[in-house]
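# Working through the structure, step by step
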Amino acid sequence: MHQCTREVQEVFLYALYAVTRTNMDRVANTFQKVQSFDNAQDTLLFHARNPPVAPLTALNIICLQTMLLMILDSDTRGPDNLVLKNGAPKHTLLLAAGKLGHDLAKNCGQLHSQRASVPDPDADANIVRRCWISLVILSRWYAISLKN
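The text that follows walks through the structure, step by step, so that each part is easy to find. This structure is a prediction, so every number in the text was calculated from the model and none was measured. (Residues numbered from 1 in each chain as written. Predicted model: local features only at pLDDT ≥ 70, side-chain atom pairs only at ≥ 80, totals over all residues. Heavy atoms only, no water.)

## Considerations on unusual backbone geometry
Residues other than glycine seldom take positive phi values, yet R21 does so here, at roughly 55°. Relative to the helices and strands, R21 is located in the loop between α1 (3-19) and α2 (37-49). Given a relative accessible area of 48%, R21 falls into the partly exposed group. (Helix = DSSP H or I, 4+ residues; strand = E, 2+ residues; numbered from the N terminus. Buried < 20%, exposed > 50% of the residue type's maximum accessible area, 1.4 Å probe, protein only.)

Next up, the structure:
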């Protein structure tokens, strides 16, 4: 298995475990490359800023899904999250997810489509569409939360 793929798997698991409030001591033996949630966020943001030369759609979809989980998790980290004292700030995750999500949605023809373009609900294009819509909703909620 490619090293990058294994890292992204572990980052996804950290995000999933964080959102579901899993006892990390129970699953510690799952991780080999990623040692903490902060390390998972750093790894994910690194991959978002430095995408692979060849577009790996499946890997990028997993990265986007992981960012969505981390965005949801950032709400539970309190006000310190806004100033980088408790994980990556939500706006940083939203920006990185926005770029990746836009690129994926554009490549899969989902930016301006009114309906799912492929009948298979598990096709990459439909997964990207669901992620893109989720990201747009999370972004709007975040924008509304900043207004007084």
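## Concerning the side chain of D73
With respect to the helices and strands, D73 occurs in helix α3 (residues 57-74). A distance of 2.9 Å separates polar atoms of two side chains, one belonging to D73 and the other to R21. Among all residues touching D73, those that are not within four sequence positions of it are A18, V19, R21 and F37. (Polar contact = N/O pair within 3.5 Å; in protein donor to acceptor, adjacent residues only side chain to side chain. Contact = heavy atoms within 4.5 Å.)

## Regarding the packing of aromatic side chains
Applying the stated criterion across every chain, the model contains two aromatic pairs. Relative to F31, the ring of Y17 lies with its centre 6.1 Å away and its plane at 85°, an arrangement referred to as edge-to-face. Of the two residues, Y17 is situated in helix α1 and F31 in the loop between α1 and α2; the sequence distance between them amounts to 14 residues. Just as Y17 is buried, F31 falls in that class too. (Phe/Tyr/Trp six-rings, centres within 6.5 Å; stacked < 30°, edge-to-face > 60°.)

## Some words on the pattern of salt bridges
A full pass over the atoms with the stated rule returns four salt bridges. With a shortest N-O distance of 3.1 Å, E10 and R6 are connected by a salt bridge. Here E10 and its partner R6 are both found in helix α1, four residues apart, which amounts to about one turn of the helix. A relative accessible area of 0% means that E10 is categorised as buried. (Salt bridge = Lys/Arg side-chain N within 4 Å of Asp/Glu carboxyl O.)

## A short note on the nonpolar core
With 38 residues, the main nonpolar core has L64, M70, I71 and L135 as its most contacted residues. Within the residue set of this core, elements represented by two or more residues are α1, α2, α3, α4 (90-107) and α5 (124-146). The dominant element in this core, judged by the number of residues it contributes, is α3, at nine residues. (Core = buried A, V, L, I, M, F, W, Y, C linked by side-chain atoms within 4.5 Å.)

## What about the packing of α2 against α4?
Two elements in contact, α2 and α4, have axes separated by 10 Å at closest approach and are oriented at 35°. Read as a crossing pair, α2 and α4 show a hand that is left-handed. For the pair α2 and α4, the contacting residues are Q41, L45 and A48 in the first and T92, L93 and A96 in the second. Looking at the contact of α2 with α4, its residues break down into four nonpolar, two polar and no charged. (Axes fitted to C-alpha atoms, helices over the stretch in contact; angles between N-to-C directions. Left-handed = near helix turned anticlockwise from the far one by under 90°. Nonpolar A, V, L, I, M, F, W, Y, C, P; charged D, E, K, R; others polar.)

## With respect to α3
In a regular helix each residue adds 1.5 Å, so 18 residues correspond to 26 Å; α3 covers 25 Å between its end C-alpha atoms and thus fits that length. Taken across its 18 residues, α3 has 13 buried, putting it largely inside the fold. (Expected span 1.5 Å × (residues − 1).)

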